[in-house]
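Structural description and commentary
Each chain, written out:
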Amino acid sequence: MSSNGKPKFAMYWAASCGGCEIAVLNIHEKILDVDANFDVVFWPVAMDAKYKDVEAMEDGSILLTLFNGAIRNEENAHVAHLLRQKSKILVAFGSCANEGCMPALANLSPLQDIFDTAYHTISTDNPQGIHPQPSFTVPEGDLYIPAMYPVVRTLDQVVKVDYYMPGCPPESHQIAAVIDLVIKVLHGEAQLPPPGTVIGAGGSTVCDECARKRDVKAIKKFERIQHVMPDPEICLLEQGILCSGPATRSGCNALCPAAGSPCIGCYGPAEGVLDVGARLMTAVASVIDSNDPNEIERILDGIPDPAGMFYRFNLAGSLLRASKAGWQGKV
Amino acid sequence: MQRITIDPITRLEGHGKIEIFLDEAGNVANTYFQIPELRGFERFCVGRQIEEVPILTNRICGVCPEAHHMAGAKAVDAVYHVDPPRTAKMLRELLYSAFYCTDHTTHFYALAGPDFVMGPDAPVAERNILGIIHKVGLEIGGKVITMRKYGHAVVEMIGGRKVHPCTSIPGGLTKGITEEQRQEIEKMGRYAVEFALFSLKLFKDIVLGNKTYLDLILGDIYTHRTHYIGMVDENNKVNFYDGRISVVDPNGKRLGKYAPNEYTEWIAEHVEPWTYLKFPYLKKVGWKGFVDGEDSGVYCATPLSRLNASDGMATPLAQENYEEFYSTLGGKPVHQRLATHWARLIELLYAAERWVELATDPEITSDNFRTLPTEKPTEGVGIVEAPRGTLTHHYWTDERGVATKINLIVGTTNNYAPISMSVKKAAQSLIKPGTAVTEGLLNMVEMAFRAYDPCFGCATHSLPGQMPLEVTIRDAQGNPVQVLKQHC
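All of these numbers come straight from a predicted model, not from anything done at the bench.

Our focus in this paragraph is the overall build of chain A. Broken down by element type, chain A carries 13 helices and 10 strands. A compact globule built from 331 residues should have a C-alpha radius of gyration of about 20 Å, and chain A, at 22 Å, falls within 12% of that. Counting only C-alpha atoms and orienting by the principal axes, one finds that chain A spans roughly 70 × 65 × 30 Å. Evaluated residue by residue, chain A yields a buried proportion of 52% over its 331 residues. Looking at chain A alone, contacts between residues at least 24 apart form 73% of all its contacts between residues at least 6 apart.

This part is about the overall build of chain B. Across its full length, chain B carries 15 helices and 16 strands. When each of the 488 residues of chain B is scored for burial, the buried share is 64%. When contacts within chain B are restricted to residue pairs at least 6 apart in sequence, those whose partners lie at least 24 apart make up 69%.

Take the pairing of strand β9 (residues 148-153) of chain A next. Residue and element names in this part refer to chain A. By the criterion of burial, β9 is predominantly enclosed, with 5 of the 6 residues buried. In this structure, strand β4 (residues 71-73) lies alongside β9, joined through 2 bridges in antiparallel fashion. Bridging from a neighbouring strand, N73 pairs with M148 of β9.

Taken together, the contacts link 71 residues of chain A with 76 residues of chain B. At 5 residues, the largest contribution of residues to the side of chain A that touches chain B is made by helix α1 (residues 19-25) of chain A. Taken together, the residues that form the side of chain A that touches chain B break down as 40 nonpolar, 20 polar and 11 charged.

Here the focus is the sheet that holds strand β10 (residues 279-282) of chain B. Sheet strands pair by backbone hydrogen bonding; their relative direction is either parallel or antiparallel. Pairing is mixed in the open sheet, where 3 strands are placed in the order β6(A)-β9(B)-β10(B). The open sheet has two free edges, formed respectively by β6 (124-125) of chain A together with β10 of chain B, since each of these has just one partner strand. The pairing of β6(A) with strand β9 (residues 267-270) of chain B spans 2 bridges and is classified as parallel. Within β9(B), the residue paired with T124(A) across the bridge is E269(B).

Taken domain by domain, chain A holds domain 1 (8-102 + 152-186), domain 2 (109-150) and domain 3 (206-300). Using C-alpha coordinates to define each centre, domain 2 of chain A is positioned 40 Å away from domain 3 of chain A.

Take the sheet that holds strand β1 (residues 8-13) of chain A next. Residues and elements named next belong to chain A. Pairing is parallel in the open sheet, where 5 strands are placed in the order β2-β1-β3-β5-β10. Each end of this open sheet is capped by a strand with a single partner; those strands are β2 (39-42) and β10 (163-165). Strand after strand, the sheet turns through a mean of 25° between neighbouring axes, direction not considered. Where β1 lies against strand β3 (residues 62-68), 5 bridges are found, and the strand directions are parallel. Looking across to β3, one finds that M11 is bridged to L66. Its contacts with the sheet place helix α4 (residues 74-86) against β1, β3 and β5 (87-93), and it is angled at close to 135° to β5.

All names here are of chain B. Here helix α14 (residues 416-430) is 15 residues long and its end C-alpha atoms lie 21 Å apart, about the 21 Å a rise of 1.5 Å per residue gives. Most of α14 sits out of view: 12 of its 15 residues are buried. Among the residues of α14, those classed as buried are Y416, A417, P418, I419, S420, M421, S422, V423, K424, K425, A426 and A427.

Right, let's get into the packing of helix α12 (residues 316-329) of chain B against helix α13 (residues 340-359) of chain B. All names here are of chain B. For the pair α12 and α13, the least separation of the axes is 8 Å and the interaxial angle reads 165°. The orientation of α12 with respect to α13, classified from their angle, is roughly antiparallel. The crossing of α12 and α13 is left-handed. For the pair α12 and α13, the contacting residues are L317, A318, N321, Y322 and F325 in the first and W342, A343, I346, L349, Y350 and E353 in the second. Its residues placed into classes, the contact of α12 with α13 shows 9 nonpolar, 1 polar and 1 charged.

This part is about the nonpolar core. By size, the foremost hydrophobic cluster in this structure holds 243 residues, and its most contacted members are F67(A), L94(B) and I346(B). Among the elements that line this core, the one with the most residues is helix α5 (residues 86-117) of chain B, at 15 residues. If sequence neighbours within four positions are ignored, I346(B) has contacts with L307(B), M313(B), A318(B), N321(B), Y322(B) and F325(B).

Let us look at the packing of helix α8 (residues 179-208) of chain B against α13(B). Each packed pair of helices is defined by two parameters, the angle between the axes and the distance between the axes. Residue and element names in this part refer to chain B. Where α8 contacts α13, the axes come no closer than 8 Å and their chain directions differ by 160°. By the angle between their directions, the pair α8 and α13 is classed as roughly antiparallel. Of the two elements, α8 crosses α13, and the hand of that crossing is left-handed. In this structure, α8 uses R182, I185, E186, G189, R190, A192, V193, A196, L197, S199, L200 and F203 to contact α13, whose residues at the interface are W342, L345, L348, L349, A352, E353, W355, V356 and A359.

Moving on, we get to the environment of Y100(B). Residue and element names in this part refer to chain B. Relative to the helices and strands, Y100 resides in helix α5. Here the alpha-carbon distance between Y100 and G62, two residues 38 residues apart in the chain, equals 14 Å. Once residues within four sequence positions are removed from consideration, Y100 is found in contact with F240, E347, A351 and P387.

As a further point, take the environment of T121(A). When you line up the elements, T121(A) lands in the loop between α6 (111-118) and β6. Considered as a pair, T121(A) and M102(A) are 19 residues apart in the sequence and their alpha carbons are 21 Å apart. If we skip the residues at most four places from it in the chain, T121(A) touches E42(B) and N407(B).

Now for the environment of F313(A). Residues and elements named next belong to chain A. With respect to the element layout, F313 can be found in the loop between α12 (306-310) and α13 (324-327). The buried category is assigned to F313, around which 31 C-beta atoms lie within 10 Å. Separated by 212 residues in sequence, F313 and C101 place their C-alpha atoms 4.0 Å apart. Apart from residues no more than four positions distant in its own chain, F313 is found in contact with S95, E99, C101, M102, C168, G265, C266 and G268.

This part is about α8(B). Taking 1.5 Å per residue as the helical rise, α8(B) with its 30 residues ought to reach 44 Å, and the 42 Å between its terminal C-alpha atoms agrees with that figure. Among all positions in α8(B), only I185(B), M188(B), G189(B), A192(B), V193(B), F195(B), A196(B), S199(B), L200(B), F203(B) and V207(B) are buried.

Where the model shows low pLDDT, its predicted coordinates should not be examined in detail. All names here are of chain B. Per-residue confidence for chain B averages 86 on the pLDDT scale, and 85% of its residues sit at or above 70. pLDDT under 50 marks residues 456-471. Its contacts with residues more than four places away, or in other chains, come to 76 contacts. Contacts from residues 475-481, a stretch scored under 50 in pLDDT, to residues over four places away or in other chains number 11 contacts. Taken together, the chains of this predicted complex give a pTM of 0.93 and an interface ipTM of 0.94.

We now examine the pairing of β3(A). Residue and element names in this part refer to chain A. Where burial is concerned, most of β3 is hidden: 7 out of the 7 residues are buried. Bridging between β3 and β5 involves 5 bridges; their strand directions are parallel. In the sheet register, L66 faces β5, and the bridge partner there is V91.

Rules used throughout
Residues numbered from 1 in each chain as written. Chains lettered and ligands numbered in written order. Predicted model: local features only at pLDDT ≥ 70, side-chain atom pairs only at ≥ 80, totals over all residues. Helix = DSSP H or I, 4+ residues; strand = E, 2+ residues; numbered from the N terminus. Rg over C-alpha atoms; globule rule 2.2 N^0.38 Å. Buried ≥ 20, exposed ≤ 12 C-beta atoms within 10 Å, placed from the backbone. Contact = placed C-beta atoms within 7 Å. Pairing = 2+ DSSP bridges. Nonpolar A, V, L, I, M, F, W, Y, C, P; charged D, E, K, R; others polar. Domains from an automatic or database assignment. Axes fitted to C-alpha atoms, helices over the stretch in contact; angles between N-to-C directions. Expected span 1.5 Å × (residues − 1). Parallel < 35°, antiparallel > 145°, perpendicular 65-115°, else oblique. Left-handed = near helix turned anticlockwise from the far one by under 90°. Core = buried A, V, L, I, M, F, W, Y, C linked by C-beta atoms within 7 Å. pLDDT = per-residue confidence, 0-100.

Here it is in structure tokens:
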């Protein structure tokens with residue numbers, strides 16, 4: 001409790017894009033409920049950072065911390081440990097913290113490849129092959145920047161996580177619902193779910209929320225969206241467009257399929273699904289309408305990048321985590 | 001040698017850090033503005049199906065995903081050699097205009113406005129959006145929230161989602177809009193025009209009407225004579241979505257205009273070993289280090305740059321304000337960096353007027369929003385003006401439409417060299433032997449880069465809001481002798 005008697009709230013970003021913060025700001029007037037019920041002690045986007053204050057706090061003195069962003073470097077890991085120590089309830093907030101999100105596709109490449117690409121593009125003038133160094137001596141003294149880890153990791157691969165809130169970013173109505181729940185708990189009107197629970201999301205799949213009509217899935221060809229005019233009423237997967245709906249947790253109201261675009265899987269694995277990619281591959285295999293190995297191969301050629309399509313959001317959190325080359329046997 | 005570290009979110013959290021080195025006499029010897037993070041999009045987008053890349057690159061920045069989605073959409077159009085129908089282009093530009101209104105509003109009211117409305121030396125506790133509301137009136141907060149809400153509503157209607165839109169694909173969009181939606185969008189657009197006019201009046205009353213602020217804007221501390229770039233239409237008027245990139249020198253002379261696929265003839269990037277971010281410069285002029293003037297390839301890509309690089313605005317009210325801007329500030333080009341805030345509001349007005357123009361076009365509700373590509377995919381460049389600078393996406397694919405190479409020059413990155421120079425100049429002007437380094441002085445150093453609205457969210461995370469700073473002054477042995485904190 002703070003001196004004003006209110007429980008403490010924190011929100012932090014590690015390796016992320018800032019979209020989670022925008023999603024929280026998009027709850028609009030609900031933000032005032034957070035302010036009324038919590039003492040917001042640490043939230044770099046919205047208020048003074050008070051980082052030193054966090055270090056000075058007693059362990060476990062922050063009631064609720066929403067942590068977004070993945071763990072990409074030593075600084076991200078340091079703050080994750082610090083906030084774990086200071087927080088009673090630590091929530092992995094958004095896809096990056098939960099499962100790595102799209103930047104975890106970098107785990108398919110060794111770090112050296114990432115540097116060799118970024119600092120040697122067509123527009124980069126770098127004849128001496130300069131790469132950034134964690135420590136570098138300039139005429140006036142030494143300069144430091146954080147060293148990058150070989151792979152992107154999820155928050156729960158670094159510290160213990162109490163609850164998981166998926167989405168890229170989590171939808172604002174779900175954020176508002178979670179805030180309502182926590183406030184009810186504070187007032188003794190509700191109970192927290194068991195630790196480890198996924199909150200701010202549904203218990204089924206995106207398909208269950210999708211308004212498109214489903215009938216028989218029997219696919220002779222996978223289509224890329226740029227090459228077809230899909231029927232606006234019928235299931236996209238039935239029309240041969242790879243859709244992550246069958247493997248993805250509900251909670252977004254199937255926004256993308258409603259806009260004519262396939263589900264990309266940002267809400268993470270559906271309840272009971274251990275690995276989105278494996279689940280999605282099973283779903284795909286089951287809709288292929290052929291028993292001829294050659295024809296099946298031809299049909300699967302319609303998905304030229306299975307790694308990216310099946311593990312778009314969740315490589316770091318999947319059973320694979322990284323390619324052998326990316327992992328390099330260390331973290 | 002003494003050393004001052006300005007660590008925006010402290011050293012360990014730092015997503016951007018300034019090191020200031022003092023010489024033995026106590027004058028500023030040099031400064032380094034470091035960006036401590038790299039996520040590697042140019043590597044991990046390789047191997048992906050190309051239609052995925054405008055969605056993947058959204059995640060470069062959750063503050064301006066619309067800009068990445070649009071640059072990506074134009075790049076994949078080019079990869080497939082397909083020209084989307086007029087309705088598709090208009091819908092994308094409509095989404096983009098609404099996004100601009102939201103984004104420029106957030107910057108002016110939450111980030112830059114407090115320095116002027118409250119004053120750069122105002123108490124820290126008042127120098128924020130709440131301070132503005134208290135000073136100017138409660139209804140202004142409501143107006144700002146409504147403006148932001150409307151912008152996001154249009155993004156969701158056309159882009160499918162409020163954050164990270166998903167509807168732009170090679171050849172157009174996956175959906176159009178209904179007449180009912182159009183009416184709603186038009187109504188919100190008319191509000192945006194009124195809001196922009198109100199914001200400009202507020203700026204003129206409070207800032208231009210105050211001699212101290214005007215002197216601050218026109219003073220030498222925040223002035224740099226650099227080149228400028230910005231996208232223009234066929235009449236050389238500012239455009240955010242489509243056109244050629246106009247390049248002008250520090251005297252305002254147009255050096256040329258380049259089409260997206262000519263960008264490598266004009267722009268190159270320099271690498272330094274002490275930061276993860278690269279420094280773009282004008283290739284034809286060359287990298288001469290962190291210096292301004294016509295012999296240095298350093299250029300700027302901001303709202304001020306876009307006005308300097310153009311011949312005017314394409315909408316009537318914005319054009320009136322464009323003329324007033326240059327007549328007040330003494331002609332083109334304007335080099336005073338703090339004038340960027342005024343230029344941003346003129347762009348807000350243009351975006352709002354353009355929003356209404358597009359929303360009232362009879363073809364905007366047409367269902368002709370897709371062209372199916374028929375050619376083999378190869379290579380393509382897409383350029384838009386992100387709020388924080390010219391945004392270039394360049395994709396190469398194999399014949400299956402799988403990415404084989406990706407090059408990105410992101411909005412804020414354009415301004416990395418000028419921001420570094422502005423910080424150095426402000427530090428040199430303000431930190432002198434025997435001068436106490438006060439919080440207000442620190443804020444004036446911070447104002448040097450706030451004018452650029454640096455969104456290192458694209459590389460790190462400087463979102464709109466007060467930026468925390470910690471300054472440690474060290475003696476020649478590196479021992480701290482004074483620590484000052486602002487918002488830390």
